[in-house]
Amino acid sequence: MDILQSSTSITATILSLVFFVFIIHLLTKKVDGKKRYHPTGGNIFNQLINFHRLHHYMTDLADKYKTYRLISPFRTDIFTTDPANVEYILKTNFENYGKFVLGFTILERRVFRKIVSLSPRSNDKGWCNYNILKDLLGDGIFTIDGDKWREQRKLSSHEFSARVLRDFSSVVFRKNAAKFAHILSEAVKSNKIIDIQDLFMRATLDSIFRVAFGVELDSMCGSNDEGKKFINAFDDASAMTLWRYFDVLWKIKRFLNIGSEAKLKENIIIVDAFVYKLIHRKTEQMSTPEADLSWKKEDILSRFLQITGADPKYLRDIILNFILAGKDTTATTLSWFIYVLCKYPHVQEKVAQEIKEATNEKEDATDITDFAANVSEDVLEKMQYLHAALTETLRLYPALPMNGKICFSDDTLPDGFNVNKGDIVAYQSYAMGRMKFIWGDDAEEYKPERWLDGNGIFRPENPFKFTAFQAGPRICLGKEFAYRQMKIFSALLLRYFVFRLSDDKKTVNYRIMINLQIDGGLDVRVFHR
């Protein structure tokens, strides 16, 4: 986005004005000669200069150092691809590492409060991450920590493990996958190029709204202009929120309401108007005396309304966090999946053949809706190669490319290097998928077979090596939920269609935002199989 590109240059320029503070800090900082620190890979200025290719830049550094430091004023950011370190911060010493990616430390806040009056907050462990994300995601599960996080996770875990949700979600996924396939059939007839990422985004949004909130959004067919406006605002707000992690001046911009912060505020207004309208409608439906109480058990919002009451702000935060988890991550993975299948057509054909064999489908079967209805849990279980192909996609193109924690007290990582209180330790899922020391010399090759044993059965890897769904106490609650949706959509689409890139020579790259979306979408041509 132009607003973020201009923000990059503005921030880099203004940072030079405070660089002398950084120098003074380095000159006066006490160094403990007994401690060993990870090698320095660069500084925040290098990061800003390479922001447009951020994950490539970080992968290059990771290839040189398994774990390294990036220096910024008053703080050190540590980035690791070492599975042992990942296991340590996500499991072994879980309590010492809280939510954070990149941002202000307590000392930085004190410095910048002298520049502009900012309301002080308590120095709770999750302050930094919460302060950056709260405008968009509020008190949702991705922003909070401690007791609030445990409470929401417990409630969410119960819902995701419920059989009623699994059965209900499968019905919704089949219905929307069939609708998706019918749209592609029309594109084949008209020889139309499809931005399949945009279509996946709308399809998964329809699914998550129906499953989580009992609402038929129908954004897939483009009949809901309000829904489309919401999606665009939410995606732009997500990108601008990510920029806060790298822009040490974002609070000043927010205070002055300029640049990326002014645009973020505009987008959040659009998002809030849409979501609060949705909550109000659902609350009214549940409060009517003639309402059929049986449907209340189907969607997640109804359950939260019954459990937590009707606080619109709290429900708003829950909704947006579920949207972020359920829409963007799945749609992004499916988009990259279609991309790699276009780049590796032999894999595309092998997946299609497995789908046909798993469903015992006859060659002349043409009814998409009937086929969708027969894609049961047992049928999906037979699709081991499809599961491997999707997992291999996540290895190379993880929906969340980087995640990090703040260290609460001085510590030593398994690699023997020290971490200081207040340091940020981030594990790099995108870079980890490309590390030869983890995956072998063919690490950068798309190879679903690496996930199968000698009998062709899917073989899971160490979750601290494959971090697409996090690991330890914070492992993604929606992992099986996501795989189910991706496999249902993939089964229908690859049973009936062949996909080709509209332009083989066009470079496909990621967009710099919270999730690893394809920049500019993914244009494909679709053919009947």
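Please read all numbers here as calculations on a predicted model, not as lab measurements. (Residues numbered from 1 in each chain as written. Predicted model: local features only at pLDDT ≥ 70, side-chain atom pairs only at ≥ 80, totals over all residues. Heavy atoms only, no water.)

Now for the pattern of salt bridges. Side-chain pairs of opposite charge can arise whenever the charged atoms involved come near each other. Taken as a whole and judged by the stated rule, the model has 21 salt bridges. Between D236 and R511 there is a salt bridge; the shortest N-O distance is 3.1 Å. Within this pair, whereas D236 is found in helix α10 (residues 225–244), its partner R511 is found in the loop between β10 (497–501) and β11 (523–528), the two being separated by 275 residues in sequence. By relative accessible area, which is 21% here, D236 ends up partly exposed. Taking the relative accessible area as the measure of exposure, R511 reaches 18% and is therefore buried. The residue K447 makes a salt bridge to D442 at a minimum N-O spacing of 3.2 Å. With a relative accessible area of 22%, D442 lands in the partly exposed category. Here the salt bridges do not stand alone but share partners, grouping E392, R395, D442, K447 and R450 into one network. (Salt bridge = Lys/Arg side-chain N within 4 Å of Asp/Glu carboxyl O. Helix = DSSP H or I, 4+ residues; strand = E, 2+ residues; numbered from the N terminus. Buried < 20%, exposed > 50% of the residue type's maximum accessible area, 1.4 Å probe, protein only.)

The next subject is the sheet that holds β11. The sheet built from three strands is open, its strands ordered β5-β11-β10 with antiparallel pairing. Both outer strands of the open sheet, β5 (194–195) and β10, are each paired with one neighbouring strand and no more. In this sheet, β11 lies alongside β10 in antiparallel orientation, the contact comprising five bridges. Directly across from R500, in β11, lies its bridge partner R525. (Pairing = 2+ DSSP bridges.)

The subject of this paragraph is the packing of α10 against helix α12 (residues 259–287). In the contact formed by α10 and α12, the axes pass within 8 Å of each other and the chain directions differ by 140°. In terms of their interaxial angle, α10 and α12 are classed as oblique. By crossing handedness, the relation of α10 to α12 is classed as left-handed. Residue-level inspection shows E226, G227, K229, F230, A233, F234, D236, A237, M240, T241, W243 and R244 of α10 in contact with α12, the latter providing S260, E261, K263, L264, N267, I270, V271, F274, V275 and K277. Counted by class, the contact of α10 with α12 contains eleven nonpolar, four polar and seven charged residues. (Axes fitted to C-alpha atoms, helices over the stretch in contact; angles between N-to-C directions. Parallel < 35°, antiparallel > 145°, perpendicular 65-115°, else oblique. Left-handed = near helix turned anticlockwise from the far one by under 90°. Contact = heavy atoms within 4.5 Å. Nonpolar A, V, L, I, M, F, W, Y, C, P; charged D, E, K, R; others polar.)

Residues of the protein chain with pLDDT of at least 70 account for 80%, and the chain-wide mean is 81. Within the protein chain, the element-level pLDDT minimum falls on helix α5 (residues 106–113), averaging 34, and the maximum on helix α18 (residues 384–396), averaging 98. When the criterion is pLDDT under 50, residues 101–126 qualifies, and its contacts beyond four places in sequence or with other chains add up to 56 contacts. (pLDDT = per-residue confidence, 0-100.)

As a further point, take the pairing of strand β2 (residues 67–72). Counting buried positions over the six residues of β2 gives six, a clear majority of the element. Going residue by residue along β2, you find T67, R69 and I71 tucked away on one face and Y68, L70 and S72 tucked away on the opposite face as well.

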